[in-house]
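Now for the letters of each chain:
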Amino acid sequence: MEQSKQARGWHQHFIGSWARLNCENMPVIPAWLVRSNLNDPRRIPYLLVWKEEPDGQIKEAVRLTCCVSHDSWCHVELKRTDGSTTVLRIVWRMLPRNGGRALLLACFSCYAPCRHVYGWEWDSVSGWSNRVSSISWQCRSCARLRYSSEGSALVIRGGPISRLLGRSFPDVPSPRPEPWLPYVFSSPADALAAGLCTLK
Ligand SMILES: [Zn+2]
């Protein structure tokens, strides 16, 4: 009698799924940062730099420029060091109270207005679950990222510690990781002083 083959090997399973990486580990541009550039009376671009701790290695850098066209549509231009540029629409949403309005960024991929856009996603071509590749700045769901709290990693288990101390401790939630925000420079001189760029 023919033996039934295993339906799904590890590799087959891997190809069919998408590694869901945590959004807190990806470079993020919050909408409030774009708004502060738009409100800056100097009308200058900002240099955004993401550094990896603790060695301070620069992992991503973007020049952020807001543009207001003659028909008063606003865009933000995000230019990387390799010259590639993403242009996102700025969307204004009226706030229910006190007549204020919130600035949101239209995702490059689905155009949905969002408060945060992310610059990296999982590199599915690499075959490794921990490799990333840079993308045009997108919302969390287009970049297929999850919050760390969606996994179980945020709970510190009391069990093993309890055993070591001979007492019983409950499981406690660990604090939510902070988003990976950039350092912001409004002049080349500031960036130079911080050792982030060199004179030509
Ligand atoms: Zn999107």
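These numbers were taken from a predicted model, which means no experiment stands behind them.

A.B. asks: What exactly am I supposed to notice about the packing of aromatic side chains here?
C.D. replies: Each pair of aromatic rings is reported with the distance of its centres and the angle of its planes. One pass over the structure, following the stated rule, counts two aromatic pairs. Aromatic side chains Trp50 and Trp137 sit 5.6 Å apart centroid to centroid with 25 degrees between the ring planes, which places their arrangement in the stacked category. Within this pair, whereas Trp50 is found in strand S3 (residues 46-52), its partner Trp137 is found in strand S10 (residues 132-138), the two being separated by 87 residues in sequence. Ring geometry for Trp120 versus Trp180: centroids 5.5 Å apart, planes at 85 degrees, classification edge-to-face.

A.B. asks: Got a minute to help me understand the pairing of strand S5 (residues 74-80) in this structure?
C.D. replies: Along any regular strand the residues' side chains alternate between the sheet's two faces. The side-chain alternation of S5 yields one buried face, formed by Cys74, Val76, Leu78 and Arg80, and one unburied face, formed by His75, Glu77 and Lys79. Note: strand S4 (residues 57-68) against S5, seven bridges, orientation antiparallel. Opposite Thr65, over in S5, you have Glu77 as the bridge partner. Connecting S4 to the antiparallel partner S5 that follows it, the hairpin turn spans five residues, and Ser72 within it adopts a positive phi of roughly 60 degrees. Judged from the five bridges that link them, S5 and strand S6 (residues 85-94) form a sheet pairing that is antiparallel. For Leu78, the partnering residue across the bridge sits in S6 and is Thr86.

A.B. asks: Explain the coordination of the zinc ion to me, please; I cannot follow it from the model alone.
C.D. replies: When a metal holds four donors in a tetrahedron, each ideal angle between them is 109.5 degrees; when it holds six in an octahedron, the ideal angles are 90 or 180 degrees. Here the zinc ion is held by the protein donor atoms Cys107 (SG), Cys110 (SG), Cys139 (SG) and Cys142 (SG), which lie 2.3 to 2.4 Å from it. One can describe the donor arrangement at the zinc ion as tetrahedral, given that its four donor atoms subtend angles of 104 to 115 degrees at the metal. Site description for the zinc ion: donor spacing in sequence, C-x2-C-x28-C-x2-C.

A.B. asks: Teacher, can you tell me more about the nonpolar core here?
C.D. replies: Soluble globular proteins tend to bury their nonpolar side chains together. The biggest cluster of nonpolar side chains holds 35 residues, and the ones touching the most others in it are Ile29, Val34, Leu64, Val76 and Leu105. Among residues more than four places away in sequence, those in contact with Val76 are Val34, Leu64, Thr65, Cys66, Thr86, Val87, Leu88, Ile90 and Leu105.

A.B. asks: Teacher, can you tell me more about the pattern of salt bridges here?
C.D. replies: Should their charged atoms come close, side chains of opposite charge can pair. The final tally for this structure, using the stated rule, is four salt bridges. Between Asp40 and Arg42 there is a salt bridge, with the nearest N and O atoms lying 2.9 Å from each other. Residue classification places Asp40 among the buried residues on the basis of a relative accessible area of 7%. Among the ionic pairs, Arg63 bridges to Glu77, the shortest N-O distance being 3.5 Å. Separated by 14 residues along the polypeptide, Arg63 in strand S4 and Glu77 in strand S5 bring together distant segments of the chain. On the basis of relative accessible area, Arg63 is assigned to the partly exposed category, the value being 37%.

A.B. asks: Which parts of the structure should I look at to understand the side chain of Arg80?
C.D. replies: Here Arg80 shows up in strand S5. Side chain to side chain, Arg80 and Glu60 meet in a polar contact 3.1 Å long. Each residue touching Arg80, except ones within four places of it in the same chain, is listed here: Glu60, Ala61, Val62, Gly119, Trp120, Ser134, Ile135 and Trp137.

A.B. asks: Looking at this structure, I do not really get the sheet that holds strand S9 (residues 116-122). What am I missing?
C.D. replies: Taken together, the three strands give an open sheet; going across it, the order is S2-S9-S10, and neighbouring strands pair in antiparallel fashion. The sheet terminates laterally at strand S2 (28-30) and S10, the two strands that pair on one side only. When the angles between neighbouring strand axes are averaged without regard to direction, this sheet yields 20 degrees. As paired elements, S9 and S10 share four bridges and run antiparallel to each other. Each residue of the ladder has a partner; that of Glu121, found in S10, is Ser133.

Parameters at a glance
Residues numbered from 1 in each chain as written. Predicted model: local features only at pLDDT ≥ 70, side-chain atom pairs only at ≥ 80, totals over all residues. Heavy atoms only, no water. Phe/Tyr/Trp six-rings, centres within 6.5 Å; stacked < 30°, edge-to-face > 60°. Helix = DSSP H or I, 4+ residues; strand = E, 2+ residues; numbered from the N terminus. Buried < 20%, exposed > 50% of the residue type's maximum accessible area, 1.4 Å probe, protein only. Pairing = 2+ DSSP bridges. Donors = N, O, S within 2.8 Å, 3.2 Å for Na, K, Ca; no water. Tetrahedral: all angles 85-135°; square planar, octahedral: opposite > 155°, others 65-115°. Core = buried A, V, L, I, M, F, W, Y, C linked by side-chain atoms within 4.5 Å. Contact = heavy atoms within 4.5 Å. Salt bridge = Lys/Arg side-chain N within 4 Å of Asp/Glu carboxyl O. Polar contact = N/O pair within 3.5 Å; in protein donor to acceptor, adjacent residues only side chain to side chain. Axes fitted to C-alpha atoms, helices over the stretch in contact; angles between N-to-C directions.

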